[in-house]
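Examination of the molecular architecture
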Amino acid sequence: EVGSGPQQGGGRGGAGVGISVVAKGDKGSGPFEVEGLEEGSPAALCGQVHKGDLIYSIDSKRVRDMNVRQVQDLITGPPGTQVTIVFQTLQQAPPPQPNQTPPTP
């Protein structure tokens with residue numbers, strides 16, 4: 001999934017997309033997991049970002065070997081700055097309810 005949009009909300013020295021991230025790798029490096037979403041933020045409003053998603057890249061920069069501060073710096077900037085984040089999502093579509101036809105691919 002790709003999330004893209006203007007940065008809003010709070011952040012260190014600027015605005016952010018409204019996600020908190022945690023490093024899942026050794027020594028504070030990637031992969032980075034979305035730990036939470038700020039209510040009303042661009043990330044929450046797009047409906048495509050979920051707690052537990054992994055960040056693959058930010059503005060075409062792979063984040064695997066970065067630290068948390070570097071990732072935060074990439075998603076924080078002046079309000080209105082555009083940023084593109086590629087996520088690997090672990091979310092799956094909910095199973096169909098009884099008497100409901102599953103969606104066709």
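All of these numbers come straight from a predicted model, not from anything done at the bench.

**Points about the overall build of the protein**
The number of helices and strands found in the protein is two helices and eight strands. Counting from the amino terminus, the protein carries its helices and strands in the arrangement β-β-β-β-α-β-β-α-β-β. Within the span of the protein, comprising 105 residues, buried residues form 30% of the whole. Restricting the contact set of the protein to residue pairs at least 6 apart, pairs at least 24 apart contribute 61%.

**A short note on the confidence of the model for the protein**
Per-residue pLDDT for the protein has a mean of 78; in total, 72% of the residues score no lower than 70. Mean pLDDT values for the elements of the protein range from 38 in strand S1 (residues 2-6) up to 94 in strand S6 (residues 61-62).

**Description of the pairing of strand S4 (residues 32-37)**
Pairing of strand S3 (residues 19-23) with S4, which is carried by five bridges, proceeds in the antiparallel orientation. Its bridge partner being in S4, Ala23 is matched across the sheet by Phe32. In this sheet, strand S5 (residues 54-58) lies alongside S4 in antiparallel orientation, the contact comprising two bridges. The partner of Phe32 across the bridge, within S5, is Ile55.

Calculation criteria
Residues numbered from 1 in each chain as written. Predicted model: local features only at pLDDT ≥ 70, side-chain atom pairs only at ≥ 80, totals over all residues. Heavy atoms only, no water. Helix = DSSP H or I, 4+ residues; strand = E, 2+ residues; numbered from the N terminus. Buried < 20%, exposed > 50% of the residue type's maximum accessible area, 1.4 Å probe, protein only. Contact = heavy atoms within 4.5 Å. pLDDT = per-residue confidence, 0-100. Pairing = 2+ DSSP bridges.

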